[in-house]
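# A structural walkthrough
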Amino acid sequence: MTAYSTIVRATHLLTNAAWFGGSLAGAAALNPAAREGEDARDRAEIADAGWRRWGPVQGAAVGLHLLSGIAILVDNRRRVVEHRPTTAAVILKTALTATAIAVSAEAYRSGAELGDALESADADPAAGKRARDLTKRMGWLQWATPATTAGLLVLDAYLGEQQRGVAGLLDQPSRLGRRS
């Protein structure tokens, strides 16, 4: 393994961790904390401020995650083509990455639309209904990104295990008590 490979793999894992962790923190902490605002407009502004601060970080993480994933794929192209379990995992990981990007983008879009609907909900009953519908949608959508990115972390662990060599110390418990 070269230093380049280590840097690329570390980048891939760290950017996924940021994508996962940021979306999980948003779903578990930021969005619930924003609900403590005085009124709907105040709550929307609190959530919007947090997500606007996090958005560029998450965008950079997603971009670097994609670039490092492509670099890993190029580096392992022979294994991906010749080893069926790796091929299947890479196909699944690609589909899951596309899903994670889609739900991240949809959460961003729906969140922005929800903020707009909440701003005009008092004056426009249709906007109020739209805000209620979007709030329900965001209820499950906010958890979709951490769920899909967690799946990516699991697949990375699986792919890493496939690259291990001969069984290690922890794989052979019967040898722990023996001396040679």
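Shown above is the structure to which this text applies.
Keep in mind that this is a model prediction, so the values were computed, not measured.

### So, the pattern of salt bridges
What the rule picks out here adds up to 8 salt bridges. Of the charged contacts, one joins Arg 109 and Glu 106 as a salt bridge, the two residues approaching to 2.7 Å between their closest N and O atoms. Note that Arg 109 and Glu 106 are positioned in helix α4 (residues 84–119) at a spacing of 3 residues, about one turn of the helix. Since its relative accessible area comes to 19%, Glu 106 is described here as buried. Ionic pairing is found between Glu 106 and Arg 137, a salt bridge with its closest N-O pair at 2.9 Å. Separated by 31 residues along the polypeptide, Glu 106 in helix α4 and Arg 137 in helix α5 (residues 125–162) bring together distant segments of the chain. Sharing partners across several salt bridges, the network here consists of Glu 106, Arg 109, Glu 113, Arg 130 and Arg 137.

### Quick word on the nonpolar core
Soluble, globular proteins show a tendency: their nonpolar side chains are buried together. If you look at the biggest cluster of nonpolar residues, it comprises 11 residues: Ala 44, Val 103, Ala 107, Leu 114, Ala 117, Leu 118, Ala 131, Leu 134, Met 138, Leu 141 and Ala 144. Where this core is concerned, the elements lending two or more residues are α4 and α5. Ignoring sequence-local partners within four residues, the contact set of Leu 141 consists of Val 103, Glu 106, Ala 107 and Ser 110.

### With respect to the environment of Ala 18
Its location among the elements puts Ala 18 in helix α1 (residues 3–34). For Ala 18, a relative accessible area of 24% gives the class partly exposed. A sequence separation of 23 residues divides Ala 18 from Arg 41, and the C-alpha atoms of the two residues are 29 Å apart. Not counting residues up to four positions away in its chain, the partners in contact with Ala 18 are Trp 54 and Ala 61.

The rules behind these values
- Each chain has its residues counted from 1, running along the sequence as written.
- Side-chain atom pairs in this predicted model are given and counted only at pLDDT of 80 or more, local residue features only at pLDDT of at least 70, and totals for whole chains, interfaces and linings cover all residues.
- Side-chain metrics rest on all non-hydrogen atoms present in the structure, leaving aside hydrogens and water.
- Salt bridges are defined as contacts in which a side-chain nitrogen from Lys or Arg sits within 4 Å of a carboxyl oxygen from Asp or Glu.
- Helix numbers and strand numbers start at the N terminus; a helix is a DSSP run of H or I with at least 4 residues, a strand a run of E with at least 2.
- Whether a residue is buried, partly exposed or exposed follows from its accessible area with a 1.4 Å probe, protein chains only, as a fraction of its type maximum: under 20%, in between, or over 50%, in that order.
- By nonpolar core we mean a set of buried residues, namely Ala, Val, Leu, Ile, Met, Phe, Trp, Tyr and Cys, connected to one another through side-chain atoms within 4.5 Å.
- We call two residues contacting when some pair of their heavy atoms lies within 4.5 Å.

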